[in-house]
Amino acid sequence: MHIDVELLRRLENLSMLEISPHKEQEILTELNRFLDFVEIIEELDLSKEDFRFNPLNGGTPLREDTPRVDPEISREILKNAPRSADNFFVVPKIIE
Amino acid sequence: MEFEVVIGLEVHVQLNTKTKMFCSCPTSFAQRQNINTCPTCLALPGALPVVNSEAVKKAMMFGYAINAKINERSVFNRKNYFYPDLPKGYQISQFEIPIVENGYLFIDTQEEKRKIGITRAHLEEDAGKNIHEGAVSKVDLNRAGTPLLEIVSEPDIRSSDEAVAYLKKLHAIVRYLDISDANMQEGSFRCDANVSIRPKGDDRLYTRVEIKNLNSFRFIQKAIDYEVQRHIEAWEEGVYESEVVQETRLFDADRGVTKSMRGKEESADYRYFPDPDLLPVVIPQEFFEEASKIPELPDEKEERFIKEYGIGRYNAALIAGSKEMADFFEKMLSYGIDAKNAVSWLTVELAARLNKSGKDIVDSPVCAERLAKLVQRIEDKTISNKAAKDVLDYLFEHEAEVDEAIEKLGLKQISDAGAIAAIIDEILSANEDKVAEYKNGKEKLFGFFVGQVMKASKGKADPQLVNRLLKERLG
């Protein structure tokens with residue numbers, strides 16, 4: 001797999017990030033190096049493996065349905081948010 | 001050309017667990033914004049999701065109810081997209097292996113019972129809520145992480161009527177199982193519709209359009225009808241290819257039209273992959289036993305009502321179609337009243353009054369016990385059928401026991417033959433000319449005498465007794 005400028009634009013769009021033109025080449029090189037590294041895994045022959053294969057045995061732990069709430073947590077987090085008002089997180093307007 | 005409509009429905013049901021899907025935050029009504037949140041549902045680094053066992057059981061119960069395959073092993077995936085109401089930047093959902101697949105249910109159409117396939121039902125988490133205000137958007141994440149069951153039908157539905165029938169059946173099943181409040185206005189039962197058309201006889205599936213934002217049965221019907229008409233017109237005018245494209249449209253309830261959401265399409269690339277934070281869900285054996293014990297469902301209840309109480313299919317389906325209505329009905333019957341009387345006082349008299357005041361059966365000012373008592377008072381001839389309607393009107397407006405209301409309104413029926421005979425004699429002697437006409441063969445006048453007696457008794461005389469005594473006297 002290779003990331004070209006077109007794919008990079010699409011990724012920018014999907015991730016809502018903007019890469020300034022002078023950084024474009026550098027980022028492309030880096031992303032492609034990541035991919036090359038990960039591609040080592042392609043050397044494994046997985047044709048006989050079930051796609052549901054998981055290296056760990058057993059399932060995910062399950063939790064009892066017992067509520068627990070600590071109002072201090074949300075207060076603390078709201079306090080640290082870049083912007084908040086009336087207990088809401090406030091973000092730039094997201095619809096036209 | 002004749003067309004066939006092809007509809008598939010996606011329904012999101014909010015499960016009524018006490019806590020969220022992946023953390024212990026309560027799902028109950030919150031006193032303030034963002035109070036029911038924690039590092040997990042706020043996506044703080046290092047916080048890990050842990051699956052709610054109750055949500056798993058509720059999803060399984062649904063699987064049993066629709067005769068589906070329940071996957072002992074299912075997988076959670078990340079569905080990636082960016083929106084402020086989704087703090088992680090992805091929704092945890094299920095993709096390749098949902099917890100429930102290949103089920104079905106039956107809907108009642110005019111002619112027959114039709115089987116509608118259910119492709120899958122998978123567990124996922126809800127997003128938060130955004131409020132757009134001036135130059136900003138405000139985000140409340142109390143709802144973020146609430147467990148959802150997304151139920152996807154096969155494209156087996158052929159009209160907007162069938163779509164509504166399917167949704168009503170699904171709604172009833174979910175309520176019977178008590179796995180969700182399924183309140184459409186409050187958004188705990190939400191529907192998206194995939195709609196396409198094709199020439200009759202053609203098996204292919206043509207371009208489908210997804211309609212979102214459908215929060216009442218009426219809107220669903222209108223939105224589908226509008227969309228089908230749009231497709232047919234485009235086809236007939238030769239602009240189907242350009243006008244009907246695969247896209248998401250929003251229903252505008254005020255104008256009764258669907259509108260394109262173009263622009264969002266490009267971002268609909270969710271890049272699903274198995275969530276590395278969660279191992280596959282492996283359902284413990286004991287869950288299968290527990291979840292398979294599901295209550296009686298609407299179809300079974302309908303059949304039982306017909307067999308056990310001898311009521312007609314239409315009424316049986318009407319009552320069994322709503323858990324609240326069926327509970328009300330069975331509560332009434334527990335007071336030993338006749339089933340047919342219970343049916344008519346529930347589905348005609350009470351229903352009409354509820355409808356008129358815009359109330360639902362659960363908010364009925366007259367409870368099942370009182371309505372049953374009222375029917376009892378008709379059955380034991382304390383009041384006439386007509387008087388009972390006045391009593392019901394009174395009970396609808398006032399908090400009172402049935403006997404109290406009868407007393408207060410002075411509607412106690414006169415079943416004393418002596419008292420009625422006295423009234424009859426009075427009427428007959430005051431109308432001697434009419435008596436003579438009657439005896440000369442003008443039998444229509446019998447109704448006049450009944451009416452006069454009833455009027456003189458202020459409607460309280462037992463009509464059957466009046467009839468009998470009048471016949472005796474008029475020979």
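Residues numbered from 1 in each chain as written. Chains lettered and ligands numbered in written order. Predicted model: local features only at pLDDT ≥ 70, side-chain atom pairs only at ≥ 80, totals over all residues. Heavy atoms only, no water.

*Asks:* For the layout of surface pockets, give the residues involved together with the corresponding values.
*Replies:* Residues and elements named next belong to chain B. Computed from the structure, the second largest pocket encloses a volume of approximately 2,000 Å³. As for the second largest pocket, its lining consists of 50 residues, of which Lys168, Phe217, Leu318, Gly321 and Ser322 are closest to the centre. Those elements giving two or more residues to the lining of the second largest pocket turn out to be β7 (100-108), α2 (160-177), α3 (217-236), α6 (298-309), α7 (313-320), α8 (323-333) and α9 (339-356). With nine residues, the single largest contributor to the lining of the second largest pocket is α2. A class-by-class count of the residues in the lining of the second largest pocket yields 20 nonpolar, 13 polar and 17 charged. (1 Å grid on protein atoms, 1.4 Å probe; cavity = no way out; pocket = protein on both sides within 12 Å on 5 of 7 lines; lining within 4 Å. Points joined across faces, edges and corners; volume = space filled by probe spheres on them. Helix = DSSP H or I, 4+ residues; strand = E, 2+ residues; numbered from the N terminus. Nonpolar A, V, L, I, M, F, W, Y, C, P; charged D, E, K, R; others polar.)

*Asks:* Any details on the pattern of salt bridges? Residues and values, ideally.
*Replies:* Residues and elements named next belong to chain B. Counting across every chain of the model gives 49 salt bridges over all chains. Salt-bridge contacts for Arg377 lead to Asp380; the nearest nitrogen and oxygen are separated by 2.6 Å. With relative accessibility at 41%, the residue Asp380 sits in the partly exposed group. Because the salt bridges share partners, they merge into one network encompassing Asp108, Lys113, Glu302, Glu303 and Arg313. (Salt bridge = Lys/Arg side-chain N within 4 Å of Asp/Glu carboxyl O. Buried < 20%, exposed > 50% of the residue type's maximum accessible area, 1.4 Å probe, protein only.)

*Asks:* How would you summarise the packing of aromatic side chains if you had to cite specific residues and measurements?
*Replies:* Residues and elements named next belong to chain B. Throughout the structure, instances matching the rule amount to 16 aromatic pairs over all chains. Judged by centre distance (5.3 Å) and plane angle (70°), the rings of Phe3 and Trp235 are edge-to-face. With a gap of 232 residues between them, Phe3 in strand β1 (residues 3-14) and Trp235 in helix α3 connect regions that are remote in the sequence. The exposure class assigned to Trp235 is partly exposed, which follows from its relative accessible area of 21%. With a centroid separation of 5.4 Å and 65° between ring planes, the pair formed by Tyr206 and Trp235 is classed as edge-to-face. In this pair, Tyr206 sits in the loop between β12 (189-199) and β13 (209-214) while Trp235 sits in helix α3, placing the two residues 29 residues apart along the sequence. (Phe/Tyr/Trp six-rings, centres within 6.5 Å; stacked < 30°, edge-to-face > 60°.)

*Asks:* An account of the nonpolar core is needed here, citing residue identities and associated values.
*Replies:* Residues and elements named next belong to chain B. Ranked by internal contacts, the top residues of the largest apolar core, which has 111 residues, are Phe62, Leu123, Tyr166 and Met332. Broken down by element, this core gets its largest block of residues, nine residues, from α2. Each of domain 1 (3-291) and domain 2 (298-409) accounts for three or more of the residues forming this core. The residues touching Met332, leaving out its near neighbours within four places in the chain, are Ile337, Ala342, Leu346, Ala368, Leu371, Ala372 and Val375. (Core = buried A, V, L, I, M, F, W, Y, C linked by side-chain atoms within 4.5 Å. Domains from an automatic or database assignment. Contact = heavy atoms within 4.5 Å.)

*Asks:* Outline the interface of chain A and chain B, listing residues and values.
*Replies:* Contacts between the two partners involve 38 residues from chain A, matched on the other side by 54 residues from chain B. Regarding the contact of chain A and chain B, the summed buried area is about 4,100 Å², with carbon and sulfur atoms giving 61% of it. Looking only at chain A, the three residues that lose the most surface to chain B are Arg63(A), Asp65(A) and Phe88(A), adding up to 19% of its buried area. Taken together, chain A and chain B are joined by two salt bridges. Among the ionic pairs, Lys138(B) bridges to Asp86(A), the shortest N-O distance being 3.7 Å. In this structure, the connection of chain A to chain B is made through 19 residue pairs in polar contact (both at pLDDT 80 or more). (Buried area = accessible area lost by both parts, 1.4 Å probe. Polar contact = N/O pair within 3.5 Å; in protein donor to acceptor, adjacent residues only side chain to side chain.)

*Asks:* Run through the domain arrangement of chain B, naming residues and quoting values.
*Replies:* Here the domain parsing of chain B yields domain 1 (3-291), domain 2 (298-409) and domain 3 (417-473). Averaged C-alpha coordinates put domain 2 of chain B and domain 3 of chain B at centres separated by 33 Å.

*Asks:* Account for the sheet that holds strand β16 (residues 273-274) of chain B, naming residues and giving values.
*Replies:* Residues and elements named next belong to chain B. Across the sheet, which stays open at both edges, the three strands sit in the order β6-β5-β16 with antiparallel pairing between neighbours. Looking along the sheet, the strands with just one partner apiece sit at the ends: β6 (90-94) and β16. Across two bridges, strand β5 (residues 76-80) lies against β16 in antiparallel orientation. Across the sheet, the residue bridging to Asn77 is Pro274, located in β16. (Pairing = 2+ DSSP bridges.)

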